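In case you want the letters, here they are:
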Amino acid sequence: MDRPIRVVIAKLGLDGHDRGAKIIARALRDAGMEVIYTGLRQTPENIVEIAIQEDADAIGLSSLSGAHNHLFPKVPERLREKGAEDILVFGGGVIPEKDIAPLKEAGIAAIFTPGTTTTSVIEFIRENVGR
Amino acid sequence: MTTTRATDNKDDIIKNSSEIEIKRIYTPDDLSDRSYQEDLSFPGEFPYTRGVQPTMYRSRFWTMRQYAGFASAEESNNRYKYLLKQGQTGLSIAFDLPTQIGYDSDHALSQGEVGKVGVAIDSLEDMEILLKDLPLDQISVSMTINSPAPVLLAMYIAVAKKNGIPLEKLSGTIQNDILKEYIARGTYIFPITPSMRLITDIFKYCADEVPKWNTISISGYHIREAGATAVQEIAFTLANGIAYVDAAIKAGLDVDDFGPRLSFFFNAHNDLFEEVAKFRAARRMWARIMRDRFHAKNPKSMMLRFHTQTAGCTLTAQQPENNVVRVAMQALSAVLGGTQSLHTNSRDEALALPSEQAAKIALRTQQILAYESGVTETVDPLAGSYYVESLTNEIEEKALAYIRTIDEMGGVQRAIEKNYMQQEIQDSAYTYQKEIESASRIVVGVNKFQVEEDVASDLMYVDPKVEEIQQRKLATLKGTRDQAKTSAALAAMREASRTDENLMPFIVKAVEAYATIGEICGVLREEFGEYKQAF
């Protein structure tokens, strides 16, 4: 690997719960990755633009407000529109079990629910980032 | 070797999450330099360490006030009626994120969010449905709304007026605590200065028009949920309180004009004795701050009255039935700590909004505590415990140190701009997470005693159709209201926002003219600008 893995961590939608997103961002940094944390109230379009501009390898989406079914799929969709579908997309937050399969079909490679460890997220990114 | 939880080696130093060393045993020597009269006194007497009323739960239980709201006003109204029927004694309204951030249900940013974390309220019409047939002259209603608090308060007042209820009879609370939004919760709209103006406008307006209303619920709950320690929770909350009092005095109010109607909101977390000590320390600190720093004369200005919610962040998605036990113990700490009002979380907290069944069990938890446990029969039962009094003293000392640091920075507004509290909270959150991942902190069912999990069933699910329904209602409203009246009211409000006139009467007029929350906040967004988050 010639440069560290670069990840965008984003809060999608109006949700303001950023404890988890910030912890993930910091854990990834501690693991040697470069992390761009976008802050709150990001739109799918914003996030994809940042990821492309920053030449990111992966995007992590966070939502605890129940808007994930509507908002998460828009990110892989937008990446495809921009020809950047090689960017790995994963998500986390308060996401019911039954929503996970449809989200995966929409292009979210993994969903991390309450109780997830930071090590599992780090491992997942390392194993799945396609470079 | 330091560790955060009990080990087999009894010589290890154990610290709680506030970094206070917990001794193996406490004795009278730990309190030898303390004075009962000065540091504790009696409940209902300065510094109120033992409680703000002399008789506390012997004459009246805390208000059982379950936070609720979802989807449409009709559905939420039904849930309130259900909870009142089950014995709840006060109401607490949860609004959806678009409402909390001043967007109508048809705004682009509202997509996917309408009705999801609370009820969607776009206009007075929705509020009238939300409060239909509820005895507003007999129960108190708390509304968890911050940036648009003036709008929701105005709607509440408008509904009361339509129902012929005199405003002097209205009892309730609006959270209205913008500082913690910047620090820990994230539903800010406007920058700090105009936000403080709206808050002091409310203090003034209610002092004259709605005297029994708690104009603010200065909150530590969310600060704790974001990862703060118990010490940080009360330190940052009381620092915010100081900032509000400063702002109100600068706006020309006398401290005793609004002091009695300030209220607080704390978290009830896992460590039972630390939590009890925390509540007692907070009361003592606030009493001294109001009397000595702000020269309050009215004892009511010195009494810290608070609502408590059990700690959502401690509840697990794994083996959710265990959460009933966690909540019971957390609720116990709030009661032993002398809370005025309590919300107990539901077992499905980590998974969804409370189902009816889960909400009922949460309410029963309070009722069992109140009617069966006996802890209500004497005031401040843990007073005199060598441990609890020592903890109270140590928490107070550490919290005061934080307040001094913030003062030296130039106050809360400066500290927020420097990301100070936010960083402290993040650091504590990260430490906590590392403890869990290294198993030096055990979470039953998550890093010890795990099972093969069943997929949870009977979870509450908000029908996405709500969004479409709200949008249609909005379209109809805009087509049928007296548009000239609405536009005039909004224009008058805009004019007033450019001066230092009290905005409340203008917002009440706008709301009565069926201006939507998005329209009202839209005008204010144009006039005041929007807050840019620093991180």
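Residues numbered from 1 in each chain as written. Chains lettered and ligands numbered in written order. Predicted model: local features only at pLDDT ≥ 70, side-chain atom pairs only at ≥ 80, totals over all residues.

Caption draft 1: View of the overall build of chain B. Broken down by element type, chain B carries 21 helices and 13 strands. Since a compact globule built from 535 residues should have a radius of gyration of about 24 Å, the 23 Å found for chain B is in line with a globular shape. Taking the principal axes of its C-alpha atoms as reference, chain B extends roughly 75 × 60 × 45 Å. Counting over 535 residues, chain B shows a buried share of 53%. (Helix = DSSP H or I, 4+ residues; strand = E, 2+ residues; numbered from the N terminus. Rg over C-alpha atoms; globule rule 2.2 N^0.38 Å. Buried ≥ 20, exposed ≤ 12 C-beta atoms within 10 Å, placed from the backbone.)

Caption draft 2: Local environment of the environment of Ala515 of chain B. Residues and elements named next belong to chain B. Inspection of the secondary structure assignment puts Ala515 in the loop between helix H20 (504-512) and helix H21 (517-528). Accessibility expressed as a C-beta count within 10 Å gives 27 for Ala515, which makes it buried. Put simply, Ala515 and Gly227 are 288 residues apart on the chain and 38 Å apart in space, counted from C-alpha to C-alpha. The residues touching Ala515, leaving out its near neighbours within four places in the chain, are Thr486, Ala489, Leu490, Ala510 and Ile520. (Contact = placed C-beta atoms within 7 Å.)

Caption draft 3: Quick peek at the sheet that holds strand S11 (residues 262-268) of chain B. Residue and element names in this part refer to chain B. Taking strand neighbours across the sheet as the criterion, the five strands line up as S4-S13-S12-S11-S10 in an open arrangement whose pairing is parallel. This sheet does not close on itself; its edge strands, each paired only once, are strand S4 (63-64) and strand S10 (216-219). Strand direction decides the pairing type here: S11 and strand S12 (residues 306-310), joined by five bridges, are parallel. Of the residues in S12, the one forming a bridge with Ala268 is Thr310. (Pairing = 2+ DSSP bridges.)

Caption draft 4: Region of the structure containing the sheet that holds strand S2 (residues 34-37) of chain A. All names here are of chain A. One open sheet holds the five strands; their spatial order is S2-S1-S3-S4-S5, and the pairing between them is parallel. The open sheet has two edge strands with one neighbour each: S2 and strand S5 (110-112). Taking the axes of each pair of neighbouring strands and ignoring which way they run, one obtains an average angle of 20° across the sheet. One ladder, built from five bridges, connects strand S1 (residues 6-11) with strand S3 (residues 58-63); its direction is parallel. If you follow Val7 over to S3, its bridge partner there is Ala58. (Axes fitted to C-alpha atoms, helices over the stretch in contact; angles between N-to-C directions.)

Caption draft 5: Representation of the confidence of the model for chain B. Chain-level pLDDT for chain B is 96 on average; 98% of the residues reach the 70-or-more range. The complex prediction reports pTM at 0.96, with the ipTM value standing at 0.96. (pLDDT = per-residue confidence, 0-100.)

Caption draft 6: Quick look at the nonpolar core. Ranked by internal contacts, the top residues of the largest apolar core, which has 190 residues, are Ile59 of chain A together with Ile507 of chain B. The greatest single-element share of this core, amounting to 13 residues, is contributed by helix H9 (residues 230-250) of chain B. Here this core gathers at least three residues from each of two domains, domain 1 (2-64 + 175-437) and domain 2 (466-528) of chain B. (Core = buried A, V, L, I, M, F, W, Y, C linked by C-beta atoms within 7 Å. Domains from an automatic or database assignment.)

Caption draft 7: Structural view of the interface of chain B and chain A. Between chain B and chain A, the contact holds 31 residues from the first and 26 residues from the second. For the side of chain B that touches chain A, the secondary-structure elements that each account for two or more residues are helix H3 (97-100) and helix H17 (420-437) of chain B. No other element matches the five residues that H17 of chain B contributes to the side of chain B that touches chain A. The residue inventory of the side of chain B that touches chain A, partitioned by class, reads 17 nonpolar, 10 polar and four charged. (Nonpolar A, V, L, I, M, F, W, Y, C, P; charged D, E, K, R; others polar.)

Caption draft 8: Quick look at the domain arrangement of chain B. Residues and elements named next belong to chain B. Taken domain by domain, chain B comprises domain 1 (2-64 + 175-437) and domain 2 (466-528). One C-alpha centre belongs to domain 1, the other to domain 2, and the line joining them spans 35 Å. Along the lines of polarity and charge, the residues of the side of domain 1 that touches domain 2 split into seven nonpolar, no polar and two charged.

Caption draft 9: Main features of helix H1 (residues 19-30) of chain A. Over its 12 residues, H1 of chain A runs 17 Å from end to end, which matches the ideal 16 Å to within 8%, given 1.5 Å per residue. With 10 of 12 residues buried, H1 of chain A is to be regarded as a mostly interior element. Taken together, the buried positions of H1 of chain A are occupied by Arg19, Gly20, Ala21, Lys22, Ile23, Ile24, Ala25, Arg26, Ala27 and Leu28 of chain A. Where H1 of chain A is buried, its residues contact S1, S2, S3, strand S4 (88-93) and helix H6 (118-128) of chain A together with H17 of chain B. One or two positions beyond H1 of chain A, positive phi appears at Gly32 of chain A, with a value near 95°. (Expected span 1.5 Å × (residues − 1).)

Caption draft 10: Molecular detail of unusual backbone geometry. Residues and elements named next belong to chain B. A cis amide bond links Phe46 with the next residue in sequence, Pro47, at an omega value of 0°. As for its placement among the helices and strands, Pro47 is situated in the loop between helix H1 (36-40) and S4. Positive phi values are uncommon outside glycine, yet His295 reaches one of about 55°. Position of His295 among the secondary structure elements: in the loop between helix H11 (272-293) and helix H12 (299-302). Residue His295 is classed as exposed on the basis of its C-beta count, with 12 C-beta atoms lying within 10 Å. Look at Tyr514: it is not a glycine, yet its phi comes out positive at around 60°. Looking at the element boundaries, Tyr514 is found in the loop between H20 and H21.

Caption draft 11: Representation of the environment of Tyr36 of chain B. Its place among the elements puts Tyr36 of chain B in helix H1. In this structure, the C-alpha to C-alpha distance between Tyr36 of chain B and Gly384 of chain B, residues 348 residues apart in sequence, is 9.1 Å.

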